[in-house]
Amino acid sequence: MNNMLELRINGFGGQGSVTLAHLLAQAALENGNQGQALPFFGVERRGAPVRAAVRMSPTAIHAHSQCERPDYVVVMSEKLTEAAISEGITDIGTVIINAPHAVAVKSHATWQVDADTIAREAGLISADGPFINIPLFGAVCRVLDIPQNIMEQTILNKWPGNNGERNLGAAGKAYNTVTRINK
Amino acid sequence: MNNMLELRINGFGGQGSVTLAHLLAQAALENGNQGQALPFFGVERRGAPVRAAVRMSPTAIHAHSQCERPDYVVVMSEKLTEAAISEGITDIGTVIINAPHAVAVKSHATWQVDADTIAREAGLISADGPFINIPLFGAVCRVLDIPQNIMEQTILNKWPGNNGERNLGAAGKAYNTVTRINK
Amino acid sequence: MKTAQVIMDTGARAAALAVKSARVDVVPGYPITPQTSIMEAMAAMVENGEMHARFIPVEGEHSAMAAAVAASAAGARVFTATSANGLLYMHEVLHMASGGRLPVVMCNVNRGIFAPWTLWADHQDSFAQRDTGWIQYHCSSNQEVYNTILQAFRVAEQINIPVMVNFDGFAISHCLMPLTLPPQEDIDRFLPPHEPEWRLDPAQPSSFSNVTNASEYAPFRQMLSDDIMASIPLVKQAAQEYKDITGMWDGDTIDTYRLEDAEVVALAVNSMAAELRLSIDILRQQGIKAGLLRPRLVLPFPAEDIINALPQNAQVMVLDRNYNFGHPGGILASELKSVLFGRRNDITVKNRVMGIGGIDLTRTYMATEIRAMLDD
Amino acid sequence: MKTAQVIMDTGARAAALAVKSARVDVVPGYPITPQTSIMEAMAAMVENGEMHARFIPVEGEHSAMAAAVAASAAGARVFTATSANGLLYMHEVLHMASGGRLPVVMCNVNRGIFAPWTLWADHQDSFAQRDTGWIQYHCSSNQEVYNTILQAFRVAEQINIPVMVNFDGFAISHCLMPLTLPPQEDIDRFLPPHEPEWRLDPAQPSSFSNVTNASEYAPFRQMLSDDIMASIPLVKQAAQEYKDITGMWDGDTIDTYRLEDAEVVALAVNSMAAELRLSIDILRQQGIKAGLLRPRLVLPFPAEDIINALPQNAQVMVLDRNYNFGHPGGILASELKSVLFGRRNDITVKNRVMGIGGIDLTRTYMATEIRAMLDD
Amino acid sequence: MKSVTKAYRPISWPTKGAGGDTGSWRTHRPVVDIRICTKCQFCWVYCPEAVIDRHEITIDYRYCKGCGVCALECPTGAITMEKEE
Amino acid sequence: MKSVTKAYRPISWPTKGAGGDTGSWRTHRPVVDIRICTKCQFCWVYCPEAVIDRHEITIDYRYCKGCGVCALECPTGAITMEKEE
Amino acid sequence: MTTSIKQLPDIEQVLSGNGACGGCPATMALRIVGKALGSNAIMLLTPSCSVASMGMTPKLGYNWPAINICFATAGSSGSGIAHALEIMQEKGRLQGEPPTVFCWVGDGGTYDIGFQALSAAAERNDNMIFFCYNNEAYSNTGVQRSGATPRGSFTTTTPAGKRQPKKNMALLMLEHNIPYVATATVAYPGDLYDKVVKAKSIPGLKYIEILAPCYLGWQFDMPETVQMSRMAVRSGAWLLWEADNGKISFNNPSSLIISGKKDAAPVDEYLMKQGRFKRLLKGPDADQRIAEIQGDIDREIAFMRERAKITF
Amino acid sequence: MTTSIKQLPDIEQVLSGNGACGGCPATMALRIVGKALGSNAIMLLTPSCSVASMGMTPKLGYNWPAINICFATAGSSGSGIAHALEIMQEKGRLQGEPPTVFCWVGDGGTYDIGFQALSAAAERNDNMIFFCYNNEAYSNTGVQRSGATPRGSFTTTTPAGKRQPKKNMALLMLEHNIPYVATATVAYPGDLYDKVVKAKSIPGLKYIEILAPCYLGWQFDMPETVQMSRMAVRSGAWLLWEADNGKISFNNPSSLIISGKKDAAPVDEYLMKQGRFKRLLKGPDADQRIAEIQGDIDREIAFMRERAKITF
Ligand SMILES: Cc1ncc(C[n+]2csc(CCOP(=O)(O)OP(=O)(O)O)c2C)c(N)n1
Ligand SMILES: Cc1ncc(C[n+]2csc(CCOP(=O)(O)OP(=O)(O)O)c2C)c(N)n1
Ligand code: SF4
Ligand code: SF4
Ligand code: SF4
Ligand code: SF4
Ligand code: SF4
Ligand code: SF4
Ligand SMILES: [Mg+2]
Ligand SMILES: [Mg+2]
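Reference entry: report on the structure contained in this document. If you're wondering where the values come from, they're calculated on a predicted model, not measured in any experiment. (Residues numbered from 1 in each chain as written. Chains lettered and ligands numbered in written order. Predicted model: local features only at pLDDT ≥ 70, side-chain atom pairs only at ≥ 80, totals over all residues. Heavy atoms only, no water.)

1. Overview of the overall build of chain G
Thought 1: Counting its secondary structure elements, chain G contains 13 helices and nine strands.
Thought 2: Over its C-alpha atoms chain G spans a radius of gyration of 19 Å, differing by no more than 12% from the 20 Å that the globule rule assigns to 312 residues.
Thought 3: With 312 residues in all, chain G has 72% of them scored as buried.
Thought 4: Counting only contacts in chain G whose residues sit at least 6 apart along the sequence, the fraction spanning at least 24 positions is 71%.
Thought 5: Accessible surface for chain G amounts to roughly 9,100 Å². Of this, 51% is attributable to carbon and sulfur atoms.
Thought 6: Within chain G, one finds 32 positive and 28 negative side-chain charges whose respective centroids are separated by 2 Å. (Helix = DSSP H or I, 4+ residues; strand = E, 2+ residues; numbered from the N terminus. Rg over C-alpha atoms; globule rule 2.2 N^0.38 Å. Buried < 20%, exposed > 50% of the residue type's maximum accessible area, 1.4 Å probe, protein only. Contact = heavy atoms within 4.5 Å. Areas by Shrake-Rupley, 256 points an atom, 1.4 Å probe, with all protein chains shown as cover. Lys, Arg positive; Asp, Glu negative; His and termini not counted. Charge placed at Lys NZ, Arg CZ, Asp CG, Glu CD.)

2. Brief notes about unusual backbone geometry
Thought 1: With an omega of 5 degrees, the peptide bond running from F114 of chain C to A115 of chain C counts as cis.
Thought 2: By secondary structure assignment, the location of A115 of chain C is in the loop between β5 (105-110) and α5 (124-127).
Thought 3: With a phi angle near 50 degrees, R258 of chain C is a residue other than glycine that sits in the positive phi range.
Thought 4: Positive phi outside glycine occurs at N125 of chain H, with the angle close to 55 degrees.
Thought 5: Following the sequence through the fold, N125 of chain H ends up in the loop between α5 (115-124) and β5 (128-134).

3. Description of the site of ligand 4
Thought 1: By nearness alone, every residue bordering ligand 4 is listed as P30, C47, P48, E49, V51, I52, C64, K65, G66, C67, G68 and C70 of chain E.
Thought 2: Taken together, the residues of the shell around ligand 4 break down into eight nonpolar, two polar and two charged. (Near = heavy atom within 4 Å. Nonpolar A, V, L, I, M, F, W, Y, C, P; charged D, E, K, R; others polar.)

4. Description of the coordination of the magnesium ion (ligand 9)
Angles at a metal have ideal values that depend on geometry: 109.5 degrees with four tetrahedral donors, 90 or 180 degrees with six octahedral donors.
Residues and elements named next belong to chain G.
Thought 1: Every protein donor of the magnesium ion (ligand 9) is accounted for by D107 (OD), N135 (OD1) and A137 (O), and the metal-donor separations fall at 2.0 to 2.1 Å.
Thought 2: The buried category is assigned to D107, whose relative accessible area is 1%.
Thought 3: Under the relative-accessibility criterion, A137 is labelled buried at 7%. (Donors = N, O, S within 2.8 Å, 3.2 Å for Na, K, Ca; no water.)

5. Concerning the coordination of the magnesium ion (ligand 10)
Residue and element names in this part refer to chain H.
Thought 1: Taken together, D107 (OD), N135 (OD1) and A137 (O) make up the full set of protein donors to the magnesium ion (ligand 10), lying 2.0 to 2.1 Å away.
Thought 2: In primary sequence terms, the donor set of the magnesium ion (ligand 10) follows D-x27-N-x1-A. No difference in accessibility class separates N135 from A137, as the two residues are buried.

Quick look at the structure:
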């Protein structure tokens, strides 16, 4: 990594966007860089749209604003794709979408992963639905070229013992199945 | 009256020093001048030493400090004479003392009046002792050359009807018996 | 036509009489020395029918200001008064009043603050509220207290910003002085009935001060800042029209004395500024060309009027009765320097803090201090 | 010898970890967004035995600060934290803490104030407390929050003045970043146990803050004012010794970036000042000789250090995230002008208020604003 | 009252959807089987969102948050929560 | 605790006569007739000023404020309030 | 007779699409309150979930004139408005039926930071209805303890379960000798409706407290709001009563529990359903701690039964 | 058995020559409290007569370490000190018998501006004794109404006599379920002493309220402080009781009134003695207003008689 990289997560409250942001920032550190996770908090309730910013950089991170025009946008629910893009992304930015099938944003390079299915299959489920942040974390690591062992170590650091196998399995599956759709 | 005149009252809490100050300031107005009464309030209780300032002037009064070096000092209880003088008075100042007998301050012109006896004889009494502020008011008016009718009018304005005779009697008696002791 | 009436009364009572003549609707109140006499007078006036209003004896000052702002939002004309720790305890709600643009008028009877306890005047209490978004007058006589409360209601309701009318505890509040009361019909002419353009009204339901996104919040705050500045002409206009109607004048944003040819300018507020006139006379007698500049309006700070009034090359001696913590002097001096910076480099500003916790400020003491400051 | 540990954590947790490593005794607390996470962390640490202390879940912030000052007077090392209206509600007791010389340390997580409600950062809350007599730091990173709390306890207890450590809500408090935790033994070396020279002690009964005559009251206040100024060398010393022990440095009273040869100097505090470094880089790329001056200590205002640091003839662009009501801009600009007056007439000061109520301050936005200010 | 409400004061006005199109929050959607429904109005009275028509027992899906209270409280089981697409 | 208490903090120390020589406030002085006194200590217990010796039933006039409570509460009438000169 | 669901009026004062969580008990209760108060009312709100839910400027999700106020001030702000309306009416500046002034406040704003202003307004007997919707925690800031949090309950500031029992706020208000006090909860909308209608007709300070089970703070499943409310009453953890001029009467089904006609359900099931008691129920001393909570409830029932007998 | 006057210890914690008025009931009470607490205690004071009386810096008229605090904060400040002492003891920084923490607060600082902090400290059951010396007004600021001012009483803010009855604060504290609540008054020093001694031995929050008739506010003659206190009890206007863990018992002579063994003296004489009721007693409806006050008292007696029967 040569320069600071910025990433925004768009999701719905309850989908685990804050945890995903934390994991990514932690992975950056694990990977020898600096990392930052900066969720945006509002009065929103479970189900309402939310967002979080992530930065990674080889040198100290001084930025503290929300990511206006990030290099990457992670869309946690297909429904949000349009809204997420219109919030801002660099012209040469990349979009990572959680969707059951191949979708693409015309204007930008797009990756797709079926995080819901992966999570469900791994048994990562609550009353509200699957824990998709773990597979999404795997997918984003892949897109950002973060090595799989760094990804795994980050998960193990966060949840030592606890569900280790399942988490690693789901994240690994996503790491390996996230697909570049266009460009 | 050509210049501003300053006067301080030294008494004990409960002796009516505030009312006396108010009466004097009102008399100044009645007499065609400006008047000001400025009591000093502390945490003191009934019985503790208290003081109040009075100013009279033909022109608007701007002063708002306590009277540091007044032209007149009114001592409501003989016991306080020394303390009162040491609080400050102009070199050519005059002292008016409430005492049953002739007393004098060496350094300054002194007037004496037996306000206790006058009040008691006029029936101006409460559980705590005589209301000495009315006779003292009369005495001070005399010393300041405020005409007796102005003095009377001031009292009547303050307590219309209510005890009129008694008050005027006591004040008048003091007006006429206050005595210059020295200088 | 009725004519004005002259009475003798204290500064605290002068305030209460002004509130009465302003036909105030609601007065929440809580006692604190030296303000208590205002509340006592209000309670009595309401009780004996002299005034048609509600007195609400709340359980503390945070509640007093809360009741005041709520009553104001309901459309009433509202007054309250406090001092020192009472004012400090209200702090949170003071911000609400200004942020919500509720034209409450309050007297603060200046008193030094805790810890430790003092009962006597200094100006830390009101100056410590300078960031709450209230317009602040500081008065130097009983009559000015009376006059200013009426002007304050007018300004507050014109621009929907709350106004604090400050004056010194004891030196003014408990000082008996002649007081001219203009005929009520003149007051009514000067101060029209309160007709807020918004209030809590079931016929047109709307809500006050919901959570607000930055994109809406920031403009509200900017307008508050702008409108506080925009109150300056309204303050001048109120003083002028009050004069036209009643003949009385205390200055508008500033009040001056022997300033025109002054080389040494004393700057101070409240009752000490009245006494300072006598110090100026003393200094003049001693051959010093002294003059007085008294900001009557302290917030907004009347920068233009001060800049225009200060004679060329004057030495300004700022006598602060408060501390500007984190700087070596008082607040007035800092405010003054900040507005002179880059605009009046000819001026020298010197500063002393004095009169803290009620130390008596006599004309001779202040004259001596000013002389000493010449050598600072 | 143990070595420092690097973790990833939020600004709020960084604060809690610093409090733990300071071996604080008593933590009264009350929730308010965005500060709540600090209190939650403290409650958990106390409950699970990670920290030997008492957490007092009071019923409001006025009580939180009251419990804090009282515990401090009893001889304990005390911490609390709040934001926005919580801070405003404490106002009366803040004055007590400083007047009574009680070395409480508090975090204020900056948030815009009511009315109307906003949850997001601006600096009106802490700046509105500038007259309460607290020393105030403003921090621009998680690590600085951690470091500063430890320095704050040292300074507070050396000079017996309470210290407020401010940082932005969300941008810092909820921002996960790398955090270096020095070994506890190093912290213990830096911050000795709290041994107050006075406390409430039945063995030597004495009382705190009785009613006080002006002749005694005024000197106490003068000493408070003087000692706040006298904290500047202690702040520097604390920063230096902290660096000697831990190797970490955030600046002392001020922090600068590319300032030496700057012609245009941006001046701001908190997280926006961190982002501003990137704006400076942008401006430099655009050929503007820009630099940054970040007061880390805001109260006392580090006038001498600023005056010494400003290059000759610089244009200073003050970016205020607060309003100085009664003046047309922000508070930092006024403070700066007041200290430059008569001393640095070569300097031009320009000012904009921005980021109010949480408006996002990006490097590009601030760079653009600074460019625009060149034409002001 | 003067007629113009100036915008300098933070005032809000009654608006449906003040919290947004809250229907988008749903993960599950309540579906009424009107054949089973007895029109007891339990669902109507307990719905926090006021989105059920008390007579028709129809639901305004634009705002229904999918909380499931209506389904749980329906005494006849006429309401089922179906997963949103 | 460090040994020196600096004067910058508003501290007060226990002192008799913290309100002054409060005996000067008296307008009347309680005088005990020890011959009548039964040493019941009522006067002692009710004296707000703590100026009565419970055994000797003597009064410290330096501070006695002359409130008269002792005289009124004395069951034997042993205390009379005499006007101060 | 309690008003039946079908008899409730159509009027809706809570607009669809507000910002509350799904299943929110506060919003549920407010809808019923709105039916009883009608539109001629002025609402006061302290910071809480109901504020976060009401919409952001310039949108309002309730159909009343409403004022957001500082957290500690519901009682005193209510007094300010009540007096302002009365004097403006006396002076002829307001005409028509005077609006009802009501405070809509969480348990934090009632039991804790707002108790003083409320108590003082009660002493003055100023004319308003003070509603406390009690979700037994500071929900809006993420579930911290309040004075209403029951013993044993987990919150983020009582990570090992709260040690102290809750205040009995309705009783405290009753002992302020105000003209009307009532308790209610969302599972019994007719009961709540009737109480509000009654309160509206009485001058002076009326206090109505509504138990509001909140899935987020109590940690149960979102659809179960009404069920939890019902279980609270059936277990006796929440008693439905009202006191008209100091005379207490109990409402169904609490009246059956009080009269002994029906046993309160054991508290276990109620607790088990709630994640906030989980740690407690999993601990080694679970039985003892359940017994403690059961004890609190039994004492409360016995106390209120006796207290209700005191009348004049 | 109540401690007799002769059994009271010698120790004097109130020093002669303090700044209180002659005959001051607060000072009188504090002397007895001092005998019970001894010197190993820490005192907290809110603005009041007792602060104005304690001497000005650097003089102190009480023999305890004492802290002046902001008016609204006695409860929370007390908690701060209580917790500070406990943790410093745990950490070994303090040795020996832990001092008693006590708040010495007027009725204004208890019923009104300080009620919230007190109530919260009670909910937390923090370890202190909270004394309210109740002179039924804000005496220090010149006699304004408080929540403790009885109906009909003149103060400068109730120039026509207060309209509302007073709060029953001791009852409210009892309903906070704290371990000890008691009432006392200066005419019964042994009773007061015993209650303080008992409170000192109990951990948690103890509330003791002392009726303190003040000649200045009540407008009677200075020597009559103790007499007024006695008359208050004999007329039933003030009841002496204590509640140990919620169990109420009455103390002599109130116990005789409660049990009906002795009739309470009619309230007239008590009222007549006090200037603060003068306007009321001179008005055309004097009889009715006396009856109203008598009614308040009778109700209170009847209520407390019944309330005392509720125990567990
Ligand atoms: C003075 C002040 N302190 C703290 C807060 C932060 N705050 C906002 S809502 C809230 C909790 C409200 O709790 P409650 O009254 O029970 O309502 P709920 O959120 O449970 O609906 C807190 C502590 C505030 N806004 N103002
Ligand atoms: C915040 C605040 N508000 C008001 C005051 C003014 N004040 C000082 S003492 C007092 C009355 C005290 O009444 P109480 O507690 O009954 O004690 P008492 O004077 O009757 O002994 C008041 C209102 C203050 N010091 N601080
Ligand atoms: S609750 Fe069920 S049965 Fe009753 S009206 Fe609703 S859908 Fe119909
Ligand atoms: S799911 Fe919830 S919001 Fe939707 S209709 Fe049912 S109760 Fe109403
Ligand atoms: S009260 Fe009377 S009898 Fe008793 S000890 Fe005192 S003087 Fe003697
Ligand atoms: S007069 Fe009062 S102060 Fe003096 S001894 Fe008697 S009771 Fe004590
Ligand atoms: S947290 Fe609970 S009370 Fe708050 S909005 Fe959500 S459901 Fe309602
Ligand atoms: S006014 Fe009353 S309570 Fe206050 S000091 Fe005097 S006698 Fe004591
Ligand atoms: Mg709640
Ligand atoms: Mg009192």
